[in-house]
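Single-letter residue listing:
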Amino acid sequence: MVTPIEFITEMEGDEQMGIVEAEHFISAIIREKFDYTKWQRDYFDAKTPEEISAEASRFEAAQPFAGKAVRL
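Quick notes on the rules
Residues numbered from 1 in each chain as written. Predicted model: local features only at pLDDT ≥ 70, side-chain atom pairs only at ≥ 80, totals over all residues. Heavy atoms only, no water. Patch = residues over 30% accessible without salt bridge, like charges linked within 9 Å, V, L, I, M, F, W, Y side chains within 5 Å. Areas by Shrake-Rupley, 256 points an atom, 1.4 Å probe, with all protein chains shown as cover. Salt bridge = Lys/Arg side-chain N within 4 Å of Asp/Glu carboxyl O. Helix = DSSP H or I, 4+ residues; strand = E, 2+ residues; numbered from the N terminus. Phe/Tyr/Trp six-rings, centres within 6.5 Å; stacked < 30°, edge-to-face > 60°. Buried < 20%, exposed > 50% of the residue type's maximum accessible area, 1.4 Å probe, protein only. Contact = heavy atoms within 4.5 Å. Polar contact = N/O pair within 3.5 Å; in protein donor to acceptor, adjacent residues only side chain to side chain.

Draft legend 1. Just a nonpolar patch on the surface, in detail. A surface patch of nonpolar side chains, about 230 Å² in accessible area, is lined by Tyr43, Phe44 and Ile52. The topology assignment puts Phe44 in helix 3 (residues 36–45).

Okay, here's the thing in structure tokens:
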């Protein structure tokens, strides 16, 4: 069985979970009593604002807005 941390760290930077992967992740969190909020806080605290911004920009470029709403 994969632990939640292994599951997260094996994902690529802009990779998204599908339904099956999300179910596996949730099952791993429940099984391991994993504190995802603490992990996420530690993960982002270790990044600089510039790294977070660059990662967000790469994600946005890979996932262009396709909705009908007007972007502000």
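Draft legend 2. Geometry of the packing of aromatic side chains. What the rule picks out here adds up to two aromatic pairs. Ring centres 5.1 Å apart and planes at 15 degrees place the aromatic pair Trp39 and Tyr43 in the stacked group. Taken together, the positions of Trp39 and Tyr43, both in helix 3 and four residues apart, correspond to about one turn of that helix. Under the relative-accessibility criterion, Tyr43 is labelled partly exposed at 31%. Here Tyr43 and Phe44 contribute two aromatic rings whose centre-to-centre distance is 5.0 Å and whose plane-to-plane angle is 85 degrees, an arrangement assigned as edge-to-face. Residue Phe44 is classed as partly exposed on the basis of its relative accessible area, which comes to 35%. The structure contains a cluster of three or more aromatic residues connected by ring pairs, namely Trp39, Tyr43 and Phe44.

Draft legend 3. Spatial organisation of the environment of Lys47. Structurally, Lys47 is set in the loop between helix 3 and helix 4 (49–62). The exposure class of Lys47 is partly exposed, given its relative accessible area of 23%. For Lys47, the contacting residues outside a window of four places in its chain are Ile52 and Glu55. A polar contact is formed between the side chain of Lys47 and the side chain of Tyr43, at a distance of 3.4 Å.

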